[in-house]
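Architecture and fold: a report
Chain by chain, the residues run as shown.
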Amino acid sequence: MVTLTPILIENHPFIAVSVQLPKTNLLAIASDKGYIMCGALDVGLLNEKLKSRGIIAGRAVGVRTVEQLLEAPLESVTIAAEELGITVGTKGKDALLKMI
């Protein structure tokens, strides 16, 4: 099952996506500029093979809900995210606010 949920953070709109798969869930929260995602996100691929795209993204591990993703510290971030001031350890919701 795929669930799309609009959410507001400090009155800024984002879209949360949850994909329920056997034995796991994929979670992502996006703005028009970038996104944060669960541990399934391959930041290395984005930084190396897709570097020219300048993808703004961060990865949090060990999260199982959208709420946890918002509160979790990011475990890794893309080069483009770092350029916005998003660093490893930034809370998910704080990273999203830098993506508006």
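All of the points below concern the structure found in this document. (Residues numbered from 1 in each chain as written. Predicted model: local features only at pLDDT ≥ 70, side-chain atom pairs only at ≥ 80, totals over all residues. Heavy atoms only, no water.)

**Here we look at the side chain of Thr-78**
Defined as follows: Secondary structure counts use DSSP, requiring at least four H or I residues in a row for a helix and at least two E residues in a row for a strand, with both numbered from the N terminus. The contact criterion used is simple: two residues touch if any of their non-hydrogen atoms lie within 4.5 Å.
Mapped onto the elements, Thr-78 comes out in the loop between strand E6 (76–77) and helix H3 (79–83). Beyond its immediate sequence surroundings of up to four residues, Thr-78 is in contact with Val-43, Leu-46, Asn-47, Ile-55, Ile-56 and Ala-57.

**What to know about the sheet that holds strand E3 (residues 24–30)**
Condition: Only when DSSP finds a minimum of two bridges between them are two strands counted as paired.
One open sheet holds the six strands; their spatial order is E1-E2-E3-E4-E5-E6, and the pairing between them is mixed. The outermost strands of the open sheet, each flanked by one partner alone, are strand E1 (2–9) and E6. Bridge count for E3 against strand E4 (residues 34–37) is three bridges, and the pairing is antiparallel. Following the sheet pairing, Ile-29 is matched in E4 by Ile-36.

**Considering a nonpolar patch on the surface**
For the record, the criterion: Without a salt bridge and with relative accessible area above 30%, a residue can belong to a patch; like charges are then joined within 9 Å and nonpolar side chains (Val, Leu, Ile, Met, Phe, Trp, Tyr) within 5 Å. Using a 1.4 Å probe, accessible areas were evaluated by the Shrake-Rupley method; residue-level cover was limited to the displayed protein chains. Whenever Lys or Arg places a side-chain nitrogen within 4 Å of a carboxyl oxygen from Asp or Glu, that contact is recorded as a salt bridge.
Taken together, Val-2, Leu-4 and Ile-15 make up a surface patch of nonpolar side chains, about 290 Å² in accessible area. Residue position: Leu-4 is located in strand E1.

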